[in-house]
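Okay, here's what each chain looks like letter by letter:
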Amino acid sequence: MLIFALILVGCDWYHKDKCEWYLVPEPDDASKVEPGWVALCARNYVINKQRCLLKAKLPFAKAVYGKPFRYNTLEVKPGTYPKEVLSIKTCNDD
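A few points on the structure. If you're wondering where the values come from, they're calculated on a predicted model, not measured in any experiment. (Residues numbered from 1 in each chain as written. Predicted model: local features only at pLDDT ≥ 70, side-chain atom pairs only at ≥ 80, totals over all residues. Heavy atoms only, no water.)

**Regarding the pairing of strand E2 (residues 37-44)**
Note on strand geometry: in a regular strand, side chains alternate between the two faces of the sheet. With 8 of its 8 residues buried, E2 lies for the most part within the structure. Neither face of E2 is exposed, since Trp37, Ala39, Cys41 and Arg43 on one face and Val38, Leu40, Ala42 and Asn44 on the opposite face are all buried. Summarising the sheet, strand E1 (residues 21-25) and E2 pair through 5 bridges and their orientation is antiparallel. Within the sheet, the bridge partner assigned to tryptophan 21 lies in E2 and is asparagine 44. As paired strands, E2 and strand E3 (residues 49-57) are joined by 7 bridges and run antiparallel to one another. Directly across from alanine 39, in E3, lies its bridge partner lysine 55. (Buried < 20%, exposed > 50% of the residue type's maximum accessible area, 1.4 Å probe, protein only. Helix = DSSP H or I, 4+ residues; strand = E, 2+ residues; numbered from the N terminus. Pairing = 2+ DSSP bridges.)

**Quick notes on the packing of aromatic side chains**
Applying the stated criterion across every chain yields a total of 2 aromatic pairs. On the basis of an interplanar angle of 45° and a centroid distance of 4.8 Å, the ring pair of tryptophan 21 and tyrosine 71 is categorised as tilted. On the criterion of sequence distance, the pair formed by tryptophan 21 in strand E1 and tyrosine 71 in the loop between helix H2 (58-64) and strand E4 (75-77) is long-range, its members being 50 residues apart. Look at tryptophan 21 and you get buried, because its relative accessible area is 4%. Consider the rings of tyrosine 22 and tyrosine 45, whose centres lie 6.2 Å apart with planes at 45°: the pair is tilted. Of this pair, tyrosine 22 sits in strand E1 while tyrosine 45 sits in the loop between E2 and E3, placing them 23 residues apart in sequence. (Phe/Tyr/Trp six-rings, centres within 6.5 Å; stacked < 30°, edge-to-face > 60°.)

**Some remarks on the pattern of salt bridges**
A complete count under the given rule lists 3 salt bridges for this structure. Residue aspartate 29 pairs with lysine 32 through a salt bridge whose shortest N-O separation is 3.4 Å. On the accessibility criterion, aspartate 29 (12% relative accessible area) is buried. For lysine 32, a relative accessible area of 39% translates into the label partly exposed. Measuring nitrogen to oxygen at the nearest pair gives 3.3 Å for the salt bridge that ties lysine 55 to glutamate 34. Of the two residues, lysine 55 sits in strand E3 while glutamate 34 sits in the loop between E1 and E2, which places them 21 residues apart along the sequence. Given a relative accessible area of 8%, lysine 55 falls into the buried group. (Salt bridge = Lys/Arg side-chain N within 4 Å of Asp/Glu carboxyl O.)

The following block contains the structure:
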């Protein structure tokens, strides 16, 4: 039983360590960001999870569009709403 519990604790249920996440535009939240910014969602199409209410400047959003990343590398500015994406490390950078 203890071994089974240790296995469950070590599992990555939300695939945060896998290159399955994408930053994609979220048109439904466009009214929540200022001009020059893009409303984004971090989406994982494998497990159908997402984290929305993110924003980034247009050049950054264009640069990372379509590039997979690990969710653990997503850096956001604390205290802002929607959360400002500061950086991600795409899997192509590995």
